[in-house]
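# Examination of the molecular architecture
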Amino acid sequence: MSALLEVRGISKSFHGLRAVNDASFEIPEGDINGLIGPNGAGKTTIFNMIAGVYAPDAGEIIFQGKPIHGLRPHQVCAAGIGRTFQIVKPFAGLTVLDNVTVGALLRSASTAEARRLSAEILERLGLGPKRDLPASSLTLPDRKRLEVARALATRPKLLLLDEVMAGLRPTECDQMVEIFRELNREYGTTILLIEHVMRAVMALAKHIGVLHHGEVIARGTPEQVVRDPAVLECYLGEETEV
Amino acid sequence: MSRASISLAILGAVLVALPFIVGNYALSVATLILYFAYTGQAWNVMMGFAGQLSLGHALYVGVGAYAAGALFFHYGIGPWAGLWLAILLCVALGLVIGFLAFRFAISGVYFALLTIAFAEFTRIGFDHLDWTGGPGGMFLRVAQRDTWDLANFRGPPLMYYYAMLFLAAGALALCFFLLRSKAGYYWQAIRENEEAAQALGINSFRWKMLAVAISSAMTAVSGVFFAFYYNNLFPEQIFHISRSIEIILGPVIGGVGTLFGPVLGAAVLTLLSDGITEALGALGWEIPGIKQVFYGVVLLAVVMFLPHGIWPTLARKLRL
């Protein structure tokens, strides 16, 4: 199968500190993929390079056969990559429905169509009854759902989820996992999960990449990854609960 | 029909009938209210909708007024043509300010400072521009108040009142439409969180520039009206920062980002400040600067007790 996203040897330094060093991986179309690693491993930096927040110092990012490194965030989104924020960023003063409508307008002919699509997405994510509330009134799990709903409304080919499980209780986490499975199955949305929470990644991802000190040290299925000695040493050794 | 549209229809009918109900003094106060409602609405597009704080909107009033005024003064060209020059110049200026700010990521307070700076150096520039009379001002041929000369926008107070009513109603309708359009959604998203807006595919630079263009074009029209209503223009007076503040007080007190806030704010401020000046005058007290003190007190009270402005609370109470 051809890769939807190819990351080829990207690097990024901040004030001389190398956050990501020559990282490469690819994401096949239609799969749920995970990128894990301990804190400070460079996960969010890679994420932000794909999303267009930073341009990589070196390397290339190819999406659907076209280079996207160096594009601005709005151009990356228009190309078909939706993202969520680790620290949620709702449009606090707008209603839940309006939040999602902003995203839906990207590929809708009219605001009416965008609102219809947004209402559907909210139903799907279980936020339907809260659509007319201001986003500022939502609880954290709901805000995380809103992040996902907004990103989905842009109708992405690839959905980037930045620590979307962090701060959720195990049951809420399981609900999210279920939602992503459904999305992947029904719309064929390719998903890249960047997570610290192993439980969710192991349950969801078909392929996992492991980052450590800015380098990809292992790639494979969850079973392969957890048996990799390098991974065990650097990451799982610290957290024995798998 | 909803309560809101019925109320609006009643208000509209009263305003259309007003010149036949009240005298010339009340009509001039009403014209002033509509002027501030309209200009506040224009400012609200930038700040209330798109979240870009301008503290220099007097710039557009002044440039608009001088552009149309000078064409009339020097060449006898009426305001209907001058209007376009005024809009063109103001939009160009707005886009220059917007480009500098948004391209180089100057935002928030620093953006506000940039808008003040542009208004201030334009004021100083006009002080030294002999073609428009410099600091001594420019005086347009005063209107014959009893004859209608629509081509040159000369006529009785009634004409100015209806012109302003038309503009204020038009601005309200335009903003109503804008807020429900793609631009409205995008502006509010940028206002609430620009980074999240960009992640949803919004080219924030372009949409902020659009807000500036619309706001400056609308304010240019205020300037043209100002020139032909007051007939005299002084840089010191028209570009002064207190003018910019006067423009934003209405929407701030009425409710930033709301449709009816600028209208309500303009009415409350103008009526109360006029009332107080009148009352004090009746007592034989002439206190210079009392208007500014009054504005300060009202602003303080609103910020303390109704931080979102009077309108959101009032609308809830009236179930509109």
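This section reports on the structure supplied with the text. The structure displayed is predicted, hence computed values, not measured ones.

## Re the overall build of chain B
- For chain B, the helix and strand inventory stands at 14 helices and 2 strands.
- In terms of overall size, chain B behaves like a compact globule, its C-alpha atoms giving a radius of gyration of 20 Å where 320 residues would be expected to give roughly 20 Å.
- In chain B, buried positions account for 46% of the 320 residues.

## Things to note about the overall build of chain A
- If you tally the helices and strands in chain A, you get 9 helices and 10 strands.
- Computed over the C-alpha atoms, the radius of gyration of chain A is 18 Å, within 12% of the 18 Å expected from 2.2 N^0.38 for a compact globule of 242 residues.
- By principal-axis analysis of the C-alpha atoms, chain A measures approximately 50 × 40 × 40 Å.
- Within chain A, the proportion of its 242 residues that are buried is 46%.
- Relative to all contacts within chain A whose residues are 6 or more apart in sequence, the contacts with residues 24 or more apart total 63%.

## Re the environment of Gly220 of chain A
Residue and element names in this part refer to chain A.
- Take Gly220: it is sitting in strand E10 (residues 215-220).
- In the structure, Gly220 is positioned 13 residues away from His207 in sequence and 5.4 Å away in space, judged by C-alpha atoms.
- Sequence-distant contacts of Gly220, defined by excluding residues within four places in its chain, comprise Ile208 and Val225.

## Quick notes on helix H5 (residues 140-153) of chain A
Residue and element names in this part refer to chain A.
- The end-to-end C-alpha distance of H5, which contains 14 residues, comes to 20 Å, matching closely the 20 Å that a straight helix rising 1.5 Å per residue would cover.
- The element H5 is largely enclosed, with a buried count of 11 among its 14 residues.
- Of all the residues in H5, the buried ones are Asp142, Lys144, Arg145, Leu146, Glu147, Val148, Ala149, Arg150, Ala151, Leu152 and Ala153.
- Buried positions along H5 lie against strand E6 (81-83), helix H3 (96-104), helix H4 (111-124) and strand E7 (158-162).
- Just past H5, the residue Arg155 takes up positive phi, approximately 50 degrees.

## With respect to unusual backbone geometry
- If you check the backbone angles, Glu163 of chain A has positive phi at about 45 degrees while not being a glycine.
- Within the secondary structure layout, Glu163 of chain A lies in the loop between E7 and helix H6 (170-187).
- On the basis of neighbour count, Glu163 of chain A is assigned to the buried category, with 21 C-beta atoms found within 10 Å.
- Notably, Asn231 of chain B is not glycine yet its phi reads approximately 65 degrees, a positive angle.
- Counting through the fold element by element, Asn231 of chain B comes out in the loop between helix H9 (204-230) and strand E2 (232-233).
- C-beta crowding within 10 Å serves as the criterion here: with 16 such atoms nearby, Asn231 of chain B is assigned to the partly exposed category.

## Overview of the sheet that holds E7 of chain A
Residue and element names in this part refer to chain A.
- Strand order in the open sheet formed by 6 strands is E6-E7-E8-E3-E9-E10, and the pairing between neighbours is mixed. At either end of the open sheet lies a strand with only one pairing partner, and these are E6 and E10. Strand-to-strand, the axes of this sheet are offset by a mean angle of 20 degrees, without reference to chain direction.
- The pairing of strand E9 (residues 207-212) with E10 spans 5 bridges and is classified as antiparallel.

## Observations concerning the sheet that holds strand E5 (residues 66-67) of chain A
Residue and element names in this part refer to chain A.
- Strand order in the open sheet made by the 4 strands is E2-E1-E4-E5, with antiparallel pairing throughout. The open sheet terminates on both sides in strands that have one partner only, identified here as strand E2 (17-28) and E5.
- Of the pairings in the sheet, the one linking strand E1 (residues 3-14) to strand E4 (residues 58-63) comprises 5 bridges and is antiparallel in character. Paired with Leu5 across the bridge in E4 is Phe63.

## Concerning the pairing of E1 of chain A
- Across 8 bridges, the pairing between E1 of chain A and E2 of chain A is antiparallel. The residue of E2 of chain A that forms the bridge with Ser13 of chain A is Arg18 of chain A.

## What to know about the interface of chain B and chain A
- Counting residues at the interface gives 17 residues for chain B, matched by 21 residues for chain A.
- Mapped by element, the contributors of at least two residues to the side of chain B that touches chain A are helix H7 (182-192) and helix H8 (194-199) of chain B.
- Element by element, the count of residues in the side of chain B that touches chain A is highest for H7 of chain B, at 6 residues.
- When grouped by side-chain class, the residues that make up the side of chain B that touches chain A number 7 nonpolar, 6 polar and 4 charged.

## Quick word on the nonpolar core
- Within the largest apolar cluster, 166 residues are counted, with the highest numbers of intra-cluster contacts made by Ala149 of chain A together with Met164 and Val224 of chain B.
- The contacts of Ala149 of chain A, once residues within four sequence positions are left out, are Val100, Ile121, Leu122, Leu125 and Leu127 of chain A.

## Brief notes about H7 of chain B
- Most of H7 of chain B sits inside the fold, with 8 of its 11 residues counted as buried.
- Along H7 of chain B, the residues classified as buried are Tyr185, Tyr186, Trp187, Gln188, Ala189, Ile190, Arg191 and Glu192 of chain B.
- For H7 of chain B, the elements touching its buried residues are H3 and H4 of chain A together with helix H2 (24-49), H8 and H9 of chain B.

What counts, and at which threshold
- Residues numbered from 1 in each chain as written.
- Chains lettered and ligands numbered in written order.
- Predicted model: local features only at pLDDT ≥ 70, side-chain atom pairs only at ≥ 80, totals over all residues.
- Helix = DSSP H or I, 4+ residues; strand = E, 2+ residues; numbered from the N terminus.
- Rg over C-alpha atoms; globule rule 2.2 N^0.38 Å.
- Buried ≥ 20, exposed ≤ 12 C-beta atoms within 10 Å, placed from the backbone.
- Contact = placed C-beta atoms within 7 Å.
- Expected span 1.5 Å × (residues − 1).
- Pairing = 2+ DSSP bridges.
- Axes fitted to C-alpha atoms, helices over the stretch in contact; angles between N-to-C directions.
- Nonpolar A, V, L, I, M, F, W, Y, C, P; charged D, E, K, R; others polar.
- Core = buried A, V, L, I, M, F, W, Y, C linked by C-beta atoms within 7 Å.

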